[in-house]
Amino acid sequence: MRKIFLLIFAVMILMTATVFAAESENYTYVSRDYNYSIVCPKKPNIVPYSIFYEDDKKKGEVLVFENDGYEVKRGWIVNVEAFKSEVVPDFNKSDKKFIDQYLSELKKQGYDELNLIDINSTNKGILGITAKEIEVDEDGDGEIDGVLTTEGQEAVAFFRLPDGRCFSVQLIGTNGLTEEALNEFKKAIGTLKTVDSSSIQNTNSKNDKKDKKDKKDKKDKKDKKDKKK
């Protein structure tokens, strides 16, 4: 019953988002619940992680940029407790051989590609592309029983922030893993950072002022065009 209510709630949020989502570029989204910020290609609509996924161990949000009703056409899943730091190599300090071994094991979990990348100039992380086809061992005997074909590929990045928080950001959507979407995604993860509560209000105020200015500029341009007619 709870899941049905949450799904209805998600549909209402996404349908509303289609109407009022801002078109301005480089919108800095700041999460009040999880104290992080990330630069987005435009203003996202925010949906709680729990609405999409029944996993109480994971915490985060889904940033929706494009949708058609309940269908997410382009979005990012931000998981703020993505992995346990003590069991995952430090991508900035660990020996390359150790990291390569970790990637080799991780790839067995359904990835076509896994690479160590520069999240930004001072921080490294892992970027993975999920597989189109996943081999399935249904009875756990070590033998492959079949192949599962996925609906589409997704990209996911794993990395630590300087304060030690373990994040993952996943690119999802029925629009597919296009080059444009992947480039936006790579650029954005390099901007993700921890923010304190005192800066959240200031950042949101700046964003609100920018939105109002963009809307005013569009209205002024429309009014000028109407007058010329």
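Keep in mind that what you see is a predicted model, and the values were worked out from it rather than measured.

Draft legend 1. A look at the nonpolar core. Within the largest apolar cluster, 26 residues are counted, with the highest numbers of intra-cluster contacts made by Tyr-36, Ile-38, Leu-63, Trp-76, Phe-159, Phe-185 and Leu-192. In terms of residues, this core owes the most to one element, helix H4 (residues 179–189), which gives five residues. In this structure, Phe-159 is in contact with Phe-83, Phe-91, Ile-119, Asn-123, Lys-124, Gly-125, Arg-165, Cys-166, Phe-167, Val-169, Ile-189 and Leu-192, ignoring residues within four places of it in sequence. By size, the runner-up hydrophobic cluster in this structure holds twelve residues, among which are Phe-83, Leu-103, Leu-106 and Cys-166.

Draft legend 2. Spotlight on H4. Among the residues making up H4, those that are buried are Ala-181, Leu-182, Phe-185, Ala-188 and Ile-189. All buried residues of H4 project into a common sector of 130 degrees when viewed along the axis, lining one side. H4 presents Glu-179, Glu-180 and Lys-187 as exposed residues on the side facing more than 90 degrees away from its buried surface. Where H4 is buried, its residues meet strand E2 (36–40), strand E5 (71–79), strand E6 (111–120), strand E7 (123–130), strand E10 (155–160) and strand E11 (166–172).

Draft legend 3. Local environment of unusual backbone geometry. Positive phi outside glycine occurs at Asn-35, with the angle close to 55 degrees. Mapping Asn-35 onto the fold places it in the loop between strand E1 (27–31) and E2. The class for Asn-35 is partly exposed, based on a relative accessible area of 30%.

Draft legend 4. Spotlight on the side chain of Asn-79. Within the secondary structure layout, Asn-79 lies in strand E5. A distance of 3.1 Å separates the side chain of Asn-79 from the backbone nitrogen of Glu-81, its partner in a polar contact. Contacts of Asn-79, omitting those with residues within four sequence positions, involve Lys-58, Lys-59, Gly-60, Cys-166, Phe-167 and Ser-168.

Draft legend 5. Expanded view of the pairing of E2. A large share of E2 lies buried, amounting to four of its five residues. With five bridges connecting them, E1 and E2 associate as antiparallel partners. Bridge assignment links Val-30 to a residue of E2, and that residue is Ser-37. Connecting E1 to the next strand, E2, in antiparallel fashion are four residues, including Asn-35 with a positive phi near 55 degrees. Here E2 pairs with strand E12 (residues 193–194) via two bridges, running antiparallel. Bridging across to E12, Ser-37 finds its partner in Lys-193.

Draft legend 6. Quick look at a negative patch on the surface. Together, Glu-25, Glu-66, Glu-180 and Glu-184 make up a negatively charged patch on the protein surface. Residue placement: Glu-184 occurs in helix H4.

Draft legend 7. Main features of the sheet that holds E12. Spatial strand order, E1-E2-E12: three strands in an open sheet with antiparallel pairing. Because the sheet does not close on itself, it has two edges, and the strands there are E1 and E12.

Draft legend 8. How the structure looks around the sheet that holds E7. Ordered by their spatial adjacency, seven strands build an open sheet running E3-E4-E5-E11-E10-E7-E6, and the pairing between neighbours is antiparallel. Single-partner strands in this sheet number two, and they are strand E3 (45–48) and E6. With direction set aside, neighbouring strand axes in the sheet form an average angle of 25 degrees. Looking at chain direction, E5 and E11 are connected through five bridges and run antiparallel. Its bridge partner lying in E11, Trp-76 is registered against Leu-171. In the packing of helix H3 (residues 96–107) onto the sheet, contacts are made with E6 and E7, and the angle to E6 comes to roughly 140 degrees.

Draft legend 9. View of H3. A rise of 1.5 Å per residue sets the reference length of H3, with its twelve residues, at 16 Å; its end C-alpha atoms lie 16 Å apart and thus fit the reference within 8%. Every buried residue of H3 is listed here: Ile-99, Leu-103 and Leu-106. Down the axis of H3, the sector holding all buried residues measures 65 degrees, keeping them to one side. The elements touched by buried residues of H3 are E6 and E7. N-capping of H3 is provided by Asp-95, with a side-chain oxygen placed 2.8 Å from the backbone N of Lys-97.

Calculation criteria
- Residues numbered from 1 in each chain as written.
- Predicted model: local features only at pLDDT ≥ 70, side-chain atom pairs only at ≥ 80, totals over all residues.
- Heavy atoms only, no water.
- Core = buried A, V, L, I, M, F, W, Y, C linked by side-chain atoms within 4.5 Å.
- Buried < 20%, exposed > 50% of the residue type's maximum accessible area, 1.4 Å probe, protein only.
- Helix = DSSP H or I, 4+ residues; strand = E, 2+ residues; numbered from the N terminus.
- Contact = heavy atoms within 4.5 Å.
- Arc of directions from axis to C-beta.
- Polar contact = N/O pair within 3.5 Å; in protein donor to acceptor, adjacent residues only side chain to side chain.
- Pairing = 2+ DSSP bridges.
- Patch = residues over 30% accessible without salt bridge, like charges linked within 9 Å, V, L, I, M, F, W, Y side chains within 5 Å.
- Areas by Shrake-Rupley, 256 points an atom, 1.4 Å probe, with all protein chains shown as cover.
- Salt bridge = Lys/Arg side-chain N within 4 Å of Asp/Glu carboxyl O.
- Lys, Arg positive; Asp, Glu negative; His and termini not counted.
- Charge placed at Lys NZ, Arg CZ, Asp CG, Glu CD.
- Axes fitted to C-alpha atoms, helices over the stretch in contact; angles between N-to-C directions.
- Expected span 1.5 Å × (residues − 1).

Purely spatial values, then, with no claim about function.
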